[in-house]
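Secondary and tertiary structure notes
Read off the chains here:
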Amino acid sequence: MLDSVYQSFVASRIDESPVEDEVYDELFKFLFENIGCVYSHDTALYLHKLITEEPCHYSISESTTIASSSSTHAVPVEDIELVDTPLGNLVPVTNVYRTFLDCLSDDVLISESTLVEAWINLYNHKNFKLAELIKVSQRLNLNNELIDFIENIIGAINREASP
């Protein structure tokens, strides 16, 4: 179903321009002009409400429906979901687990405080499933990054709890 919803989003962007009396925000307009892209990394953290501060730039990746197979930031459709922008416009973003794990990768510069805020909100989310996070980390070859991050969090908690 997600595939057809995402394809509908892309198809409608090709043939239509935004209607004048509808309210579109910059997040929606940007993807309107960049067909085949999905929000990822810190922008997706914000749209998933894992962080509170809107990033000063947009982080995007390409859907594998558009990207070449050699693209390093290609996102398969199964890792994409539609999320509301602050004004209620649906936009495609990397799913919550893919988003968090992408932010842990070595080639991404996300501050530690942003990652901790995202982790706390992800972990406390009512639908959080650690097994799903681990499954996605294995598929993306980010197990070591996830383990290191969790060990650092546990270490910080232990240091704070020590007398």
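So, a few notes on the structure that sits alongside this text. (Residues numbered from 1 in each chain as written. Predicted model: local features only at pLDDT ≥ 70, side-chain atom pairs only at ≥ 80, totals over all residues. Heavy atoms only, no water.)

Re the layout of surface pockets
Within this model, the largest pocket holds a volume of roughly 300 Å³. Along the wall of the largest pocket there are 16 residues; nearest its centre are E81, N95, V96, Y97 and N127. In terms of residues, the lining of the largest pocket owes the most to one element, helix α6 (residues 130–139), which gives four residues. For the lining of the largest pocket, a count of residues per class yields six nonpolar, four polar and six charged. Around the second largest pocket sit 17 residues that line it, and D42, H57, S59, L109 and I110 are the ones nearest its centre. (1 Å grid on protein atoms, 1.4 Å probe; cavity = no way out; pocket = protein on both sides within 12 Å on 5 of 7 lines; lining within 4 Å. Points joined across faces, edges and corners; volume = space filled by probe spheres on them. Helix = DSSP H or I, 4+ residues; strand = E, 2+ residues; numbered from the N terminus. Nonpolar A, V, L, I, M, F, W, Y, C, P; charged D, E, K, R; others polar.)

Topic: the pattern of salt bridges
Under the defined criterion, the tally for this structure stands at five salt bridges. Here E26 and K29 are joined by a salt bridge, their closest N and O atoms 3.9 Å apart. Of the two residues, E26 and K29 are both situated in helix α2 (residues 26–33); the distance of three residues between them amounts to about one turn of the helix. (Salt bridge = Lys/Arg side-chain N within 4 Å of Asp/Glu carboxyl O.)

Side note on the pairing of strand β4 (residues 80–84)
Pairing of β4 with strand β5 (residues 90–94), which is carried by five bridges, proceeds in the antiparallel orientation. By the bridge assignment, L82 is partnered in β5 with P92. What sits between β4 and β5 in their antiparallel hairpin is a turn of five residues, with G88 showing a positive phi close to 90 degrees. (Pairing = 2+ DSSP bridges.)

Considerations on helix α7 (residues 143–161)
Relative to the 27 Å expected for 19 residues at 1.5 Å per residue, α7 spans 27 Å between its end C-alpha atoms, a close match to the ideal helical length. Every buried residue of α7 is listed here: E145, L146, F149, I153 and G155. The elements touched by buried residues of α7 are α4 (96–104), α5 (112–123) and α6. (Expected span 1.5 Å × (residues − 1). Buried < 20%, exposed > 50% of the residue type's maximum accessible area, 1.4 Å probe, protein only. Contact = heavy atoms within 4.5 Å.)

Structural notes on α6
Within α6, burial applies to L133, V136 and S137. Projected down its long axis, α6 carries its buried residues within an arc of 100 degrees, all on one side. The exposed residues of α6 that point more than 90 degrees off its buried face are A131 and K135. Where α6 is buried, its residues meet α4, α5 and α7. Of the residues one or two after α6, N141 is the one with positive phi, at around 55 degrees. (Arc of directions from axis to C-beta.)

Focus: unusual backbone geometry
Notably, K49 is not glycine yet its phi reads approximately 65 degrees, a positive angle. Among the secondary structure elements, K49 is positioned in the loop between α3 (41–47) and β2 (60–63). Assessed through its relative accessible area of 63%, K49 is described here as exposed. With a phi angle near 55 degrees, N141 is a residue other than glycine that sits in the positive phi range. Mapping N141 onto the fold places it in the loop between α6 and α7.

A short note on the nonpolar core
L47, F100, W119 and L133 are the most contacted members of the largest nonpolar core, which has 32 residues in total. Contributing elements (two or more residues each) for this core: α2, β1 (37–39), α3, β5, α4, α5, α6 and α7. Sort the elements by how many residues they give to this core and α4 lands first, with five residues. When near neighbours in sequence (up to four residues on either side) are disregarded, L133 contacts Y97, F100, L101, W119, F128 and L146. (Core = buried A, V, L, I, M, F, W, Y, C linked by side-chain atoms within 4.5 Å.)

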